[in-house]
Amino acid sequence: LAYGHNTGMIKENEKDSSCPKVNLLEYDYPGLEKFVKELGEPPFRAMQVWQWIWQRMARDFEQMSNISKVCRAELAERAVIVWPEIERIQKSSDGTTKFLLRLADGEHVETVIIPSEGRDGKTRISQCLSCQVGCAMGCAFCATGQMGLIRNMTMGEILGQVLVARDYLDDRRLDWPILRNLVFMGMGEPLANLDNVLPALQVLNHDKGLNFSPRRITVSTCGLKNGLERLGESGLAFLAVSLHAPDQDLRSEIMPIAAKWPLDKMLDALASYPLKTRERITFEYLLLGGINDSPRHAKKLAALMGKVKGKLNLIVYNSSPGSVFNAPSEEAVLAFEKILWNHNITAIRRKSKGADIAAACGQLRAKFSRQQ
């Protein structure tokens, strides 16, 4: 199969380019309704197909047993259901699992599933999703940023990561799914691909499909002015902001693209960001040894955090091959935390998982994608 770049169209071969097939993962529900109507089918057929795709995770139209043979044949002639292909799976000693996924045009991305245990003793899984092949932000400490941007992922490719994870987990329960939380913290900058991320969020929220509550989805951005308002107005996910520096000069040094939006202007915008009841913006601060981890930096950070309704996740740097950065000492981390607590800042050290397989924060790279 050949993939029509960012169009959702699949062609059976290069010679027969006049008969493209659509990948149904690329349709939101209204789009699927329109497609089914064009087949001459009644409106309820769209809901049947929708549930087969997103709830029962069908990949073959012949699995759709409550749909007539005639309709299944028509669907097979006009459409396909194409998931990203698993090229490699790596499992960490802490239970974290990283997937290298091959997309239909041969590009690669990585996605990660991370286990945790709830208070009730049940295992819950969070998935870290990618939204771009590579990233244009160029943050100095991030392995993905060193790839540069290759292209945006389509809506179907973004959602396909969730289907791959659920299938791997054999997660087919609608009442209590194993995969509970989604975080857009993988490869790419979500606000730079909102035309695909927002439709993906709408599909994730659909109550007859994957049915993820917006409270269980977090979209992380390094801070792009364009798109922040659109995400806030959608109400489809919680917001996390990658801060990583307490002043404009340092942010410009380690996050050159994101820092084009001045830090004070970004905080002003975040102060008026629409929040639900009891909701707060999550700020992420990556502690880099000798760079942003001193008591002086902690005091500046505390002053910034006092300007917005937020909470702070502290992340100790995870090294990547060729990186010039190092993790701070445990003493430096504890001192940093104490200063924040003394200023009444809600600060939690987020435990990194999957570092031994390069699956922790800032380590995703899909480094074999250009060789295969």
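Structure's up top.
Residues numbered from 1 in each chain as written. Predicted model: local features only at pLDDT ≥ 70, side-chain atom pairs only at ≥ 80, totals over all residues. Heavy atoms only, no water.

A.B. asks: How do you make sense of the sheet that holds strand β16 (residues 347-349) when you look at a structure like this?
C.D. replies: Sheet strands line up and pair through hydrogen bonds in the backbone, either parallel or antiparallel. Strand order in the open sheet formed by ten strands is β5-β6-β7-β8-β11-β12-β13-β14-β15-β16, and the pairing between neighbours is mixed. Each of the sheet's edge strands pairs with one partner strand only, and the pair in question is β5 (85-91) and β16. Each strand of the sheet is rotated relative to its neighbour by a mean of 25°, with strand direction disregarded. Pairing of strand β7 (residues 108-117) with strand β8 (residues 123-128), which is carried by six bridges, proceeds in the antiparallel orientation. (Pairing = 2+ DSSP bridges. Helix = DSSP H or I, 4+ residues; strand = E, 2+ residues; numbered from the N terminus. Axes fitted to C-alpha atoms, helices over the stretch in contact; angles between N-to-C directions.)

A.B. asks: When you look at the packing of aromatic side chains in this model, what are you seeing that I'm missing?
C.D. replies: Aromatic rings in a pair are described by how distant their centres are and how their planes are angled relative to each other. Tallied over the entire structure, the rule returns six aromatic pairs. Geometrically, the ring pair formed by Tyr 29 and Trp 50 is edge-to-face, given 5.3 Å between the ring centres and 80° between the ring planes. Linking Tyr 29 in helix α1 (residues 29-38) with Trp 50 in helix α2 (residues 44-54), this pair joins segments that are 21 residues apart in sequence. With respect to class, Tyr 29 is no different from Trp 50; both count as buried. In this structure, Arg 56 is placed above the aromatic ring of Trp 52, and the distance from its NZ or CZ to the ring centre is 4.3 Å. One Lys or Arg, Arg 59, reaches over the ring of Trp 83 and ends 4.1 Å from the middle of that ring. (Phe/Tyr/Trp six-rings, centres within 6.5 Å; stacked < 30°, edge-to-face > 60°. Buried < 20%, exposed > 50% of the residue type's maximum accessible area, 1.4 Å probe, protein only. Lys NZ or Arg CZ within 6 Å of the ring centre and 35° of its normal.)

A.B. asks: Would you mind going over the side chain of Glu 279 with me for this structure?
C.D. replies: If you trace the backbone, Glu 279 turns up in the loop between α8 (263-271) and β14 (281-287). A distance of 2.7 Å separates a polar side-chain atom of Glu 279 from the backbone nitrogen of Lys 276. Setting aside residues up to four positions removed in sequence, Glu 279 forms contacts with Phe 238, Leu 239 and Lys 309. (Polar contact = N/O pair within 3.5 Å; in protein donor to acceptor, adjacent residues only side chain to side chain. Contact = heavy atoms within 4.5 Å.)

A.B. asks: Where do I start with helix α4 (residues 155-168) in this structure?
C.D. replies: At 3.6 residues per turn, the α-helix brings residues three or four places apart onto the same side. With 14 residues, α4 ought to run about 20 Å at 1.5 Å a step, and its terminal C-alpha atoms sit 21 Å apart, in line with that. Most of α4 sits inside the fold, with twelve of its 14 residues counted as buried. Taken together, the buried positions of α4 are Met 155, Gly 156, Glu 157, Ile 158, Leu 159, Gly 160, Gln 161, Val 162, Leu 163, Val 164, Ala 165 and Arg 166. Backbone geometry just after α4 places Asp 170 at a positive phi near 50°. (Expected span 1.5 Å × (residues − 1).)

A.B. asks: I would appreciate a short explanation of unusual backbone geometry in the present structure.
C.D. replies: The bulk of non-glycine residues show a negative phi, and the bulk of peptide bonds are trans. Residues other than glycine seldom take positive phi values, yet Asn 211 does so here, at roughly 60°. Looking at Asn 211, the relative accessible area reads 46%, which means it is partly exposed. Unlike most non-glycine residues, His 244 shows phi in positive territory, near 65°. Following the sequence through the fold, His 244 ends up in the loop between β13 (238-242) and α7 (248-254). Residue His 244 is classed as buried on the basis of its relative accessible area of 5%.

A.B. asks: Could you clarify how one ought to interpret α2 in this entry?
C.D. replies: The element α2 is extensively covered by neighbouring structure, given that eight of its eleven residues are classed as buried. Residues Arg 45, Ala 46, Gln 48, Val 49, Trp 50, Trp 52, Ile 53 and Trp 54 constitute the buried set of α2. Tucked inside the fold, the buried residues of α2 contact α1, α3 (69-78), α4 and α5 (194-205).

A.B. asks: When you look at the environment of Gln 202 in this model, what are you seeing that I'm missing?
C.D. replies: Tracing the backbone shows Gln 202 in helix α5. By relative accessible area, which is 43% here, Gln 202 ends up partly exposed.

A.B. asks: Which parts of the structure should I look at to understand the nonpolar core?
C.D. replies: Buried together is how nonpolar side chains tend to be arranged in soluble globular proteins. Counting residues in each nonpolar core, the largest one holds 106 residues, and the members touching the most others are Phe 141, Phe 184, Leu 201, Leu 204, Leu 270 and Phe 283. Dropping the residues within four chain positions of it, Leu 201 is found in contact with Phe 184, Ile 217, Val 219, Leu 231, Leu 236 and Ala 237. (Core = buried A, V, L, I, M, F, W, Y, C linked by side-chain atoms within 4.5 Å.)

A.B. asks: Sorry, what's going on with the pattern of salt bridges here?
C.D. replies: As a working rule, side chains carrying opposite charge can pair if their charged atoms are close by. The tally for this structure, following the rule as stated, stands at 14 salt bridges. With a closest N to O distance of 3.3 Å, Lys 98 and Glu 110 form a salt bridge. Here Glu 110 lies in strand β7 and Lys 98 lies in strand β6 (residues 97-102), a separation of twelve residues in the sequence. This pair shows no difference in class: Lys 98 is buried, exactly as Glu 110 is. (Salt bridge = Lys/Arg side-chain N within 4 Å of Asp/Glu carboxyl O.)

A.B. asks: Before we go on, may I ask you to explain the environment of Gly 289 in this structure?
C.D. replies: The topology assignment puts Gly 289 in the loop between β14 and α9 (295-305). Looking at Gly 289, the relative accessible area reads 24%, which means it is partly exposed. Each C-alpha atom of the pair Gly 289 and Asn 326 lies 5.3 Å from the other, and the pair is 37 residues apart in sequence. When near neighbours in sequence (up to four residues on either side) are disregarded, Gly 289 contacts Asn 326, Ala 327 and Pro 328.

A.B. asks: What is the right way to read the packing of α1 against α2 from this model?
C.D. replies: Packed helix pairs are characterised by how far apart their axes lie and by the angle those axes make with each other. Between α1 and α2, whose axes approach to 9 Å, the crossing angle comes to 125°. On the basis of their axis angle, the class for α1 and α2 is oblique. In the crossing of α1 with α2, the sense of the turn from one axis to the other is right-handed. Contacts between α1 and α2 involve Tyr 29, Leu 32, Glu 33 and Val 36 on the former and, on the latter, Arg 45, Ala 46, Met 47, Val 49 and Trp 50. Looking at the contact of α1 with α2 residue by residue, the class counts come to seven nonpolar, no polar and two charged. (Parallel < 35°, antiparallel > 145°, perpendicular 65-115°, else oblique. Left-handed = near helix turned anticlockwise from the far one by under 90°. Nonpolar A, V, L, I, M, F, W, Y, C, P; charged D, E, K, R; others polar.)

A.B. asks: Help me understand the pairing of strand β12 (residues 217-221), please; the structure alone is not making it clear to me.
C.D. replies: Along any regular strand, the residues point their side chains to alternate faces of the sheet. Of all five residues making up β12, five are buried, and the element is well covered by its neighbours. Burial along β12 is two-sided: the residues Ile 217, Val 219 and Thr 221 and Thr 218 and Ser 220 are all buried. With three bridges connecting them, strand β11 (residues 179-184) and β12 associate as parallel partners. The residue of β12 that forms the bridge with Phe 184 is Val 219. When β12 meets β13, the two strands line up parallel, connected through four bridges.

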